[in-house]
Amino acid sequence: MNILVRLWRFLTGWWRRNPTLITAHRVGELPATLQPGKLYVEGEGSHIWSVALLCPCGCGHALQMNMLADTHPRWQLTIHEDATTTLYPSVWRQVGCRSHFFLRRGRVEWCAAVR
Ligand SMILES: [Zn+2]
């Protein structure tokens, strides 16, 4: 195989294998500064009351989602064996950057912008 083709496949393969997967980090309380690539899971034991992450668009805003059963809106969180996370439903910021995305297995899947 052409060395350039091999190099290209290696590089693009590396890129695909290394997206910044968002992983769960259990905290008793949200830290003042959030780190990209982390979904902060606030709660005790199996009781989770909120999750937070930095907006994946890079705008620097913290997004916080409520997980309490008797409130609305409310999200469902799945933490997979590899610590990646799935949030349901989508996260939609109504102000500022208006980011709208799904978080599935640690990957951000952007929704088409509706403006
Ligand atoms: Zn944003």
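Each chain has its residues counted from 1, following the order in which its sequence is written. Given that the model is predicted, a residue must reach a pLDDT of at least 70 before its local features are reported, and side-chain atom pairs must reach 80 or more before they are shown or counted; all residues, however, enter totals for whole chains, interfaces and linings.

Colleague: What is the right way to look at the overall build of the protein chain in this model?
Modeller: Each helix is a run of H or I in the DSSP string that is no shorter than four residues. Each strand is a run of E no shorter than two, and both are numbered from the N terminus. Along the protein chain, the regular secondary structure elements total one helix and eight strands. Seen in sequence order, the protein chain has helices and strands lined up from the N terminus as α-β-β-β-β-β-β-β-β. Throughout, a residue-residue contact means that the two C-beta atoms, derived from backbone geometry, are no farther apart than 7 Å. For the protein chain, the share of sequence-separated contacts (at least 6 apart) that also reach a separation of at least 24 residues comes to 27%.

Colleague: In this structure, what is going on with the nonpolar core? I would like to understand it.
Modeller: Put simply, a nonpolar core is buried Ala, Val, Leu, Ile, Met, Phe, Trp, Tyr and Cys residues tied into one set by C-beta atoms within 7 Å. Exposure in this text rests on C-beta crowding, where 20 or more other C-beta atoms within 10 Å of a residue's own make it buried, 12 or fewer make it exposed, and counts in between make it partly exposed. The C-beta atoms are placed from the backbone. Counting residues in hydrophobic clusters, the biggest one holds twelve residues: Ile22, Ala24, Leu34, Leu39, Tyr40, Val41, Val51, Leu53, Leu54, Leu87, Val91 and Leu103. Those elements giving two or more residues to this core turn out to be β2 (38–44), β3 (47–54) and β6 (85–92). Once residues lying within four places of it in the same chain are set aside, the contact partners of leucine 53 are Ile22, Leu34, Lys38, Leu39, Tyr40 and Leu63.

Colleague: For this particular structure, what's the right way to read the pairing of strand β8 (residues 107–110)?
Modeller: For a regular strand, side-chain orientation follows a simple rule: the groups alternate between the two sheet faces. Taken together, the four bridges between strand β7 (residues 100–104) and β8 define a ladder with antiparallel strand orientation. Bridging from a neighbouring strand, phenylalanine 101 pairs with tryptophan 110 of β8. Strands qualify as paired when DSSP identifies two bridges or more between them. In sequence, β7 turns back onto β8 through a hairpin of two residues, with arginine 105 there showing a positive phi of about 50°.

Colleague: So what exactly am I meant to see when it comes to the sheet that holds strand β5 (residues 76–79) here?
Modeller: Judged by pairing direction, the sheet is antiparallel, and its four strands sit side by side in the order β5-β6-β7-β8 without closing on themselves. Looking at the sheet topology across the chains shown, the edges are occupied by β5 and β8. Shown here is a sheet whose adjacent strand axes are inclined to one another by a mean of 25°, direction ignored. Angles here are taken between N-to-C directions and fall from 0 to 180 degrees, while the axes themselves are lines fitted to C-alpha atoms, restricted in helices to the stretch in contact.

Colleague: Where do I start with the pairing of β5 in this structure?
Modeller: Sheet analysis places β5 next to β6, joined by four bridges and oriented antiparallel. Across the sheet, the residue bridging to glutamine 76 is tyrosine 88, located in β6. Adjacent in sequence and paired antiparallel, β5 and β6 are bridged by five residues, among which alanine 83 carries a positive phi angle near 75°.

Colleague: Help me understand the sheet that holds strand β4 (residues 62–66), please; the structure alone is not making it clear to me.
Modeller: In a beta sheet, neighbouring strands pair by backbone hydrogen bonds and run either parallel or antiparallel. Spatial strand order, β1-β2-β3-β4: four strands in an open sheet with mixed pairing. Only two strands of the sheet have a single neighbouring strand rather than two, namely β1 (23–27) and β4. Pairs of neighbouring strands in the sheet enclose a mean axial angle of 25°, with direction left out of account.

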